[in-house]
Amino acid sequence: MEFIVGVALALFVCGAASWLGMDRDRVFYPTILIVIAWYYVLFAVIDGSGKVLLSEGAIAAVFTVTAVVGFKRNLWLVAAALAGHGVLDFFHHTLVQNAGVPRGWPGFCLAFDLTAAVFVG
């Protein structure tokens with residue numbers, strides 16, 4: 001179910017942004033990438049572990065820097081980073097043990113990120 005919702009929501013958000021012209025500005029998809037990356041930091045706050053918070057913050061920082069560089073140089077980097085974040089969602093639990101992550105989140109986020117990356121591409 002989380003995969004279906006992730007794909008549907010990404011199609012809705014990206015489709016609506018395109019239809020409304022909101023994605024004409026180069027900053028739209030880099031901002032989406034930054035927001036998506038920092039959700040795991042929110043989950044780390046819910047988890048309550050400082051170690052998890054630092055780990056998640058470091059990962060989010062990498063995606064934030066990638067979003068900024070992609071915004072400045074080439075939006076294909078943003079599309080690749082969205083896809084990369086989707087792949088990371090699949091393996092995230094093996095890298096960081098974040099008890100604050102909702103059970104269906106990795107599948108939802110994987111589906112959303114990959115669908116958004118295809119849309120951006």
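Residues numbered from 1 in each chain as written. Predicted model: local features only at pLDDT ≥ 70, side-chain atom pairs only at ≥ 80, totals over all residues. Heavy atoms only, no water.

Caption draft 1: Spotlight on helix α3 (residues 50-72). Counted at 1.5 Å a residue, the expected span for α3 with its 23 residues is 33 Å, and the 32 Å between its end C-alpha atoms agrees. For α3, every residue scored as buried is listed here: V52, E56, G57, A60, F63, T64, T66, A67 and G70. Looking at the buried residues of α3, the elements they touch are α2 (28-47) and α4 (75-95). If you check the start of α3, you find a side-chain oxygen 3.4 Å away from the backbone N of K51, and it comes from S49. (Helix = DSSP H or I, 4+ residues; strand = E, 2+ residues; numbered from the N terminus. Expected span 1.5 Å × (residues − 1). Buried < 20%, exposed > 50% of the residue type's maximum accessible area, 1.4 Å probe, protein only. Contact = heavy atoms within 4.5 Å. Polar contact = N/O pair within 3.5 Å; in protein donor to acceptor, adjacent residues only side chain to side chain.)

Caption draft 2: Region of the structure containing the packing of α4 against helix α5 (residues 105-120). At a closest axis distance of 8 Å, the pairing of α4 and α5 adopts a crossing angle of 160°. Of the possible angle classes, the one that applies to α4 and α5 is roughly antiparallel. Of the two elements, α4 crosses α5, and the hand of that crossing is left-handed. Judged by residue contacts, L75, A79, L82, A83, H85, G86, V87, D89 and F90 of α4 engage P106, C109, L110, D113, L114, A116, A117 and V120 from α5. (Axes fitted to C-alpha atoms, helices over the stretch in contact; angles between N-to-C directions. Parallel < 35°, antiparallel > 145°, perpendicular 65-115°, else oblique. Left-handed = near helix turned anticlockwise from the far one by under 90°.)

Caption draft 3: Structural view of the environment of I59. Relative to the elements of secondary structure, I59 occurs in helix α3. Spatially, the C-alpha atom of I59 lies 20 Å from that of K72, the residues being 13 residues apart in sequence. In this structure I59 touches L88 and V96, once residues within four positions along its chain are discounted.

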